[in-house]
Structure formats: structure tokens, C-alpha cells
Amino acid sequence: MRLVLLGAPGSGKGTQAARLKEHLQVPHVSTGDLLRAEVAAQSPLGLEAREVMARGELVSDAILLGMLEDRFSRPDTRGGFILDGYPRNLAQADAMGHLLDRIGQPMDHAVFLDVPTELLVERIAGRAQAEGRADDSPEAVRTRLKIYNDSTAPVVDYYRQHGQLKVVHGVGSLDDVFTRIVETIAPVPEVG
Ligand code: B4P
């Protein structure tokens, strides 16, 4: 199973990807987690990304593509993957399409977690208190939501127009949302 999870900040991508990983037995590739690991390691890339992320902006497409190519060169992704946090703009969608073609791993589903903005803000505020992530400050969250609307929402429309989008209602308990995703991506049984 090769799954791409799309959704606004706070829509539950990371949360559900962690569960889907166990269910599908494929690795969870989160570009946010990869970047946070670089920041924690204080690598040159991490030092470059740190301030950009703290402001709630997108790290450069070139850095992200390099990171993704590196991650997909590892053998554990050959049996499938859950990609979370990428693509976040149309240029990244295009780059990802080429990359997956090149490695012979076309995406099976783009799953969009649909959550109203008020609830996104509420969830992120909850995480801000619990985890203290720099990009969960009110100002950074405003920036992230604006960038989502300007740059990432068109990616959702792009997959919709290409008939590749599965929309999942992202409001409800973690279990409810998980069940909806699993039902959406399950193969339809053959009749007869
Ligand atoms: P991400 O790590 O992708 O952060 P995110 O969009 O907030 O999603 P996340 O997965 O963390 O949150 P979730 O919705 O699961 O990106 C962080 C930053 O990295 C970006 O701003 C950018 O700077 C950089 N970056 C990453 N990818 C990039 C790319 N491709 N290009 C450029 N830059 C990139 O959960 C949020 C909260 O909601 C949690 O507290 C969770 O517990 C809660 N929650 C989830 N589901 C819930 C439910 N059903 N009910 C109640 N609460 C729920």
C-alpha cells in the first residue's frame, strides 16, 4: 500500500499515520518528523530549516525533495509507505509524481483528512500546551493555515481533478477517523 495523507495542520495526518503504520505494516514517512530530526541533530540542513519551521513557513522544495529521495532510497519503503506532510504545494506534487515513477512505486491513494478550520486551531492550541512545539504559537499557526490555503489546498484539488482523491471526514474520535480511513482504502471485494 502506497498512501499519501493530505490535510491542513492539525487535521490528524501524523496521528493517523502512526496507527496506519501498524495496521498496514509499512513505514511512516513524515517530512515534518524528518525535518525535526535534522533540527534536533543540529545538522546544516536542520540549522537552515529551524527558523523557517518556527515561523510556520515551508522549507525549500529543493531540501524537501533531497530528503525524500534519500528516504525512498532505503529498502524498507519498497513494500509500500505512508507519506505524511508531502506534497504541500503543486511543485512538490509534480516532483513526487516523477520520483515515484522513477522508483516504480506509484501512489495508490491520496487520502484527504477534512477538518473545519475552527477545530484545527483548537487542536493545535491543545498540542501547543502539551508539547510546546515552536510552530504551534498563535502567530506561526496563522501562517501555517494561510500557507495551507494558498499552497496546499490546490494540491487537494489537483488530485481531485485527477480522480485520485479519497476524502475522509476528519472529525470524531481517533478510532472513528482511523476506521473511516481503513474503510476508504480497503479494496472493494469482487462480486461473484
Ligand atoms: P508537520 O509535521 O507535517 O505538521 P502538521 O501539519 O501540524 O501535522 P501533524 O501531523 O503534526 O499534526 P496532526 O494533524 O497529526 O509539519 C511541520 C512543519 O514542517 C511545517 O510547518 C513546515 O515548516 C515543515 N514541513 C513539513 N513538510 C514540509 C514540506 N513538504 N515542505 C515544506 N516544509 C515542510 O495533529 C495535530 C494535533 O491534533 C495533535 O495534537 C493531535 O493529538 C490532535 N488530533 C489529531 N486527530 C484528532 C482527533 N480526531 N480529535 C482530536 N484531536 C486530534
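The structure under discussion appears in the preceding block.
1. Some details on the pattern of salt bridges
- Tallying each qualifying case throughout the model produces 13 salt bridges.
- The salt bridge partner of Asp136 is Arg127, with a shortest N-O separation of 2.9 Å.
- Judged by relative accessible area, which is 4%, Asp136 ranks as buried.
- Residue class for Arg127 comes out partly exposed when judged on its relative accessible area of 24%.
- We note a salt bridge from Arg133 to Asp135, for which the minimum N-O separation is 2.9 Å.

2. Structural notes on the environment of Ser73
- Along the chain, Ser73 turns up in the loop between α4 (61-72) and β3 (81-84).
- You can call Ser73 partly exposed: its relative accessible area is 47%.
- Among the polar contacts made by the side chain of Ser73, one reaches the main-chain carbonyl oxygen of Asp70 at a distance of 2.6 Å.

3. What to know about the packing of aromatic side chains
- For the coordinates displayed, the defined rule picks out two aromatic pairs.
- On the numbers, 4.7 Å between centres and 70° between planes, the contact of Phe72 with Phe81 is edge-to-face. In this structure, Phe72 and Phe81 share a single accessibility class: buried.
- Here Tyr158 and Tyr159 contribute two aromatic rings whose centre-to-centre distance is 5.3 Å and whose plane-to-plane angle is 75°, an arrangement assigned as edge-to-face.
- Residue class for Tyr158 comes out partly exposed when judged on its relative accessible area of 32%.
- Judged by its relative accessible area of 3%, Tyr159 is buried.
- The ring of Phe178 carries Arg19 above its face, with NZ or CZ at 5.9 Å from the centroid.

The rules behind the values
- Residues numbered from 1 in each chain as written.
- Predicted model: local features only at pLDDT ≥ 70, side-chain atom pairs only at ≥ 80, totals over all residues.
- Heavy atoms only, no water.
- Salt bridge = Lys/Arg side-chain N within 4 Å of Asp/Glu carboxyl O.
- Buried < 20%, exposed > 50% of the residue type's maximum accessible area, 1.4 Å probe, protein only.
- Helix = DSSP H or I, 4+ residues; strand = E, 2+ residues; numbered from the N terminus.
- Polar contact = N/O pair within 3.5 Å; in protein donor to acceptor, adjacent residues only side chain to side chain.
- Phe/Tyr/Trp six-rings, centres within 6.5 Å; stacked < 30°, edge-to-face > 60°.
- Lys NZ or Arg CZ within 6 Å of the ring centre and 35° of its normal.

By themselves these figures say nothing about function.
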